[in-house]
Amino acid sequence: QVQLAESGGRLVQAGGSLRLSCAASGRTFSSYVMAWFRQAPGKERAFVAAIRWSSLSTYYADSVKGRFTISRDNAKNTVYLQMNSLKPEDTAVYYCAARVYSRGVSYNTDDYEYWGQGTQVTVSS
């Protein structure tokens, strides 16, 4: 069983920065593919970023490329999402997800077995 707990979401002005954290349980965290998704009101949950176990491969949605950075600290069982130059359209609940049974990165919510409860990010204009 894997448990994920996000933190760091809050209200921020446009142009500002936030860092989200996701603490994970599990002895083999370093082998998980970790990802961030987000869900805005009235919209489906959408891929934001993902990172493979080695941290050498990262993947981003076009809408956040160049502004967001995903990273992980395997010693702390934690994955981060550094968000810069935030825009009102970044407002959403942000979810951390873990893909445990495959080493491949996926942009599909169905391919991630474990999810956190989410953390609200609100960007005011």
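Going along each chain's sequence as written, the residues are numbered from 1 onward. Per-residue local features of the predicted model are confined to residues with pLDDT of at least 70, and side-chain atom pairs are confined, for both listing and counting, to 80 or more; whole-chain, interface and lining totals are unaffected and use all residues. Only heavy atoms go into the side-chain values, all of them from the structure, while hydrogens and water stay out.

Section: the environment of G15
Right, on to step 1. Position of G15 relative to the elements: it lies in the loop between strand 2 (11-13) and strand 3 (18-24).
Right, on to step 2. Once the C-alpha coordinates of G15 and K87 are considered, the two residues, 72 residues apart in sequence, prove to be 6.4 Å apart.
Right, on to step 3. Excluding its chain neighbours within four sequence positions, the residues that come into contact with G15 are S85 and L86. Counting from the N terminus, the helices are DSSP H or I runs at least four residues long and the strands are E runs at least two residues long. The contact criterion used throughout is that any non-hydrogen atoms of two residues lie within 4.5 Å.

Concerning the pattern of salt bridges
Any two side chains of opposite charge can pair, on the condition that their charged atoms come close.
Right, on to step 1. In what follows, salt bridge is the name for a side-chain nitrogen of Lys or Arg lying within 4 Å of a carboxyl oxygen of Asp or Glu. The tally for this structure, following the rule as stated, stands at three salt bridges.
Right, on to step 2. D90 is the partner of R38 in a salt bridge, and the nearest nitrogen-oxygen pair spans 2.9 Å. Placement of R38 in strand 4 (residues 33-39) and of D90 in the loop between strand 8 (78-83) and strand 9 (92-99) is noted, with a sequence separation of 52 residues between them. Judged on exposure class, the residue R38 and its partner D90 are both buried. Burial here depends on accessible area, computed with a 1.4 Å probe over protein chains only, as a share of the maximum for the residue type. Under 20% is buried, over 50% is exposed, and the range in between is partly exposed.

Details of the sheet that holds strand 8
Sheet strands associate in pairs through backbone hydrogen bonding, adopting either a parallel or an antiparallel arrangement.
Right, on to step 1. Two strands are said to pair when DSSP picks up at least two bridges between them. The antiparallel open sheet is built from four strands, whose spatial order is 1-3-8-7. At either end of the open sheet lies a strand with only one pairing partner, and these are strand 1 (4-7) and strand 7 (68-73). Across the sheet, the mean angle from the axis of one strand to that of its neighbour is 15°, orientation sign disregarded.
Right, on to step 2. The pairing of strand 7 with strand 8 spans six bridges and is antiparallel. Within strand 8, the residue paired with R72 across the bridge is V79. Here an axis means a line fitted to C-alpha atoms, over the contact stretch when the element is a helix, while the angle between two N-to-C directions is reported on a 0 to 180 degree scale.

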